[in-house]
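A closer look at the structure
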Amino acid sequence: MSVDSSVSKEVQPESVLLCPQGTTAAPEQKLLCIFGTGDLGRSLGQRLLQSGYRVVYGSRRPNSCGPLPRGTKAMNHEAAAMSAALVFVCVHRENYDFLEALAPQLNGKVLVDVSNNLKKNLYPESNAEYLQRLIPGAHVVKAFNTLSAWSLQNGPSDANRQVYLCGNSVQAKQAVEEMATKLGFAALDRGSLSAAGELEDFPLQLFPEWRLPLRVAVGLTAFFFFYLVIRDIVYSYVEKRKDISFRIMVSLANKVFPIVSLIMLALCYLPGVIAAYLQLYRGTKYRRFPAWLDRWMLCRKQLGLIALGFAFLHVFYTLIIPIRYYVRFKITESTISKIRLNRTSVFDTTTAWCADSFYSMGILGFGLFVLLGISSLPSVSNALSWREFSFIQSKLGYLTVFFCTFHTYLYGKDRFLHLSSYKWFTPPGYFLSLVVPSVLIVLKLLLLLPCVDRSLTRIRQGWERTDPEDGSVKGFVPPADLMLFSRKHSLQAAGFSPVITGSHHISGERSVQTPPSLKSSG
Ligand code: NAP
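What this report covers is the structure whose coordinates are included nearby. As the structure is a computational prediction, the values presented were derived from the model and not from experiment.

Calculation notes
Residues numbered from 1 in each chain as written. Predicted model: local features only at pLDDT ≥ 70, side-chain atom pairs only at ≥ 80, totals over all residues. Heavy atoms only, no water. Patch = residues over 30% accessible without salt bridge, like charges linked within 9 Å, V, L, I, M, F, W, Y side chains within 5 Å. Areas by Shrake-Rupley, 256 points an atom, 1.4 Å probe, with all protein chains shown as cover. Salt bridge = Lys/Arg side-chain N within 4 Å of Asp/Glu carboxyl O. Helix = DSSP H or I, 4+ residues; strand = E, 2+ residues; numbered from the N terminus. Buried < 20%, exposed > 50% of the residue type's maximum accessible area, 1.4 Å probe, protein only. Contact = heavy atoms within 4.5 Å. Axes fitted to C-alpha atoms, helices over the stretch in contact; angles between N-to-C directions. Parallel < 35°, antiparallel > 145°, perpendicular 65-115°, else oblique. Left-handed = near helix turned anticlockwise from the far one by under 90°. Nonpolar A, V, L, I, M, F, W, Y, C, P; charged D, E, K, R; others polar. Polar contact = N/O pair within 3.5 Å; in protein donor to acceptor, adjacent residues only side chain to side chain. Pairing = 2+ DSSP bridges. Near = heavy atom within 4 Å.

1. Digging into a nonpolar patch on the surface
A surface patch of nonpolar side chains, amounting to about 430 Å² of accessible area, comprises Ile230, Val234, Tyr237, Val238 and Trp424. Looking at the element boundaries, valine 234 is found in helix H8 (residues 211-240). A residue is classified by how much of its surface remains accessible, and valine 234, at 34% relative accessible area, is partly exposed.

Printed below as a string of structure tokens:
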């Protein structure tokens, strides 16, 4: 194959055949072997064929193993193992015993273990390590176990593009990595074969990062539901002999949803504020947060999304209020009784102001809340710069908390001052829902005080109160030096070395933004 050197690569038309047909033989397609003609074996074989490989199956019943992808053939295990350098073991671990007898044929070959287990910690060692023990002469690589037969057959989509792999032989891993790339997957090396157990646990996980937020949501919903049933329904029955249990379906639900939503929204921002106070207290950002705070921080997105779900429910339930039988009945009854008694009501401007502000705050809060939810979608957040993302999630996030909290305060107005609101000496539900967001807002406002903000910024840019070398406690840097400190730090972090020509004079190459790693987590 020769290409006219005078034609530059850029100007070659795409349709030009660089290798005229028939002049050279097409490169021989690699032959791969698959043990097991079950669901995964067949899907994998199909995908390998589509990607240009030849496939041979090793089966217990090569002549009666059912329909296989066209172009493949089935043999007994020995013959199949001898024909290829790379063998996929698409057999359940419980049936690995037969492989021990094939050790001579599999010696020096790459064995890809795709198996999973039904439960965690079912065996003392991982399936891949067990396979390696059975055939010590082979190079076992754990891979493809996180993909389903279905996704293999349908080709990689964004959600399942990754193939995690691990193994002790670098060459074997490279071979599997190349093959996975050719199949259209992105291979991610997770290290030696000792990581196989972790990879085998992956498919057994059920929404791991959603568990805590869902528990919090269920716990809060159950608590407030029963709390409000007792305060509203049972109280009315016991004290006034009135059965208002029908209110459970809409009125009560529409009290529980906003309460849970507001608390969870505040819980989404609270760990960031706690982390900031912890950093201020410790005088460094280099000490790990306690495990509970780490865990809490890691599920903020899920907390926020569940809170948004409850906010949507609140909106839908509010929209149906005018068409409810109870509401229509009450309005009609009050209008008729006013006509009968020839009574008119006086328009109260203060009430109108409060009602309009209440609705306005609710709509603004919900609108921003939806924006936060949309910006947390990977496809949207990937299109945003770090600064844009943190502006929406942090600044607009706190504004959302403020609007929603104010909306709830306006709902209660001065009702919390009335003794009649405390049925059986219990505060109203909305009153309880204000505790966490109010604490959050106060703590956040304190962090915004210039002196506190300055210290926190300095700590987050790497300053430490205690000298890491000799343990001596440093004094605070005078505010004038702070600018010099932070500028120098951001320049250095971005790979620039500022030229300092006087105590307060800096001349850098160009202005540089603080890199994401130095941004505050709050
Ligand atoms: P399967 O449909 O039950 O197929 C297993 C195959 O293993 C059988 O078709 C059989 O092939 C062979 N086999 C059965 N008993 C055997 C024995 N005693 N000795 C030797 N070979 C035996 O299972 P699968 O769904 O394909 O799963 C295969 C492996 O892939 C499992 O380890 C599973 O954990 C893993 N995996 C599956 C999926 C999935 O979506 N299905 C996803 C990820 C990982 P022959 O009759 O041809 O010998």
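Next comes the rest of the account.
2. A look at helix H4 (residues 127-134)
Of all eight residues that make up H4, six are buried, and the element is covered over most of its length. Every buried residue of H4 is accounted for by Asn127, Ala128, Tyr130, Leu131, Gln132 and Leu134. Against strand S4 (86-89), strand S5 (110-113), strand S6 (139-142) and helix H7 (196-201) lie the buried residues of H4.

3. What to know about the packing of helix H11 (residues 300-319) against helix H13 (residues 349-375)
Direction vectors running N to C along H11 and H13 enclose 140 degrees, while the axes themselves pass 10 Å from each other. Judged on the interaxial angle alone, H13 and H11 are oblique. The handedness of the crossing between H11 and H13 comes out as left-handed. Judged by residue contacts, Gly304, Leu305, Ala307, Leu308, Ala311, Phe312 and Val315 of H11 engage Phe366, Phe369, Val370 and Gly373 from H13. For the contact of H11 with H13, the residue count by class is nine nonpolar, two polar and no charged.

4. With respect to the environment of alanine 196
Along the chain, alanine 196 turns up in helix H7. We classify alanine 196 as buried; its relative accessible area is 0%. Once residues within four sequence positions are removed from consideration, alanine 196 is found in contact with Ser126, Ala128, Lys142 and Cys166.

5. Overview of the side chain of serine 421
Checked against the element boundaries, serine 421 lands in the loop between helix H15 (386-412) and helix H16 (429-433). Classification of serine 421 by relative accessible area gives buried; the value is 12%. Separated by 2.7 Å, the side chain of serine 421 and the backbone oxygen of arginine 415 make a polar contact.

6. Observations regarding the sheet that holds strand S3 (residues 73-75)
Pairing is mixed across the open sheet formed by eight strands, whose spatial order is S3-S2-S1-S4-S5-S6-S7-S8. With partners counted over all chains shown, the strands left at the sheet margins are S3 and strand S8 (186-189), one partner each. With direction set aside, neighbouring strand axes in the sheet form an average angle of 30 degrees. With two bridges joining them, S6 and strand S7 (residues 162-167) adopt antiparallel strand pairing. By the bridge assignment, valine 141 is partnered in S7 with glycine 167. Most of the contacts of helix H1 (residues 39-50) go to strand S2 (residues 54-58), to which it runs at about 160 degrees, and overall it touches strand S1 (31-35), S2 and S4. Lying on the sheet, H4 is in contact with S4, S5 and S6; it crosses S6 at an angle near 170 degrees.

7. Structural notes on the site of the ligand
Lining the immediate environment of the ligand, one finds 20 residues, of which Thr37, Leu40, Ser59, Arg60 and Ala149 sit closest. Contact distances for the ligand include 2.7 Å between an oxygen atom and a side-chain N or O atom of serine 59. Out of a free accessible area of 890 Å², the ligand has 79% covered by protein chains. For the shell around the ligand, the class distribution of residues is seven nonpolar, 10 polar and three charged.

8. Some remarks on unusual backbone geometry
In terms of backbone geometry, most residues other than glycine have negative phi values and most peptide bonds are trans. Positioned with a positive phi, asparagine 121 is a non-glycine residue whose angle comes to about 50 degrees. One non-glycine residue with positive phi stands out, namely phenylalanine 144, at about 65 degrees.

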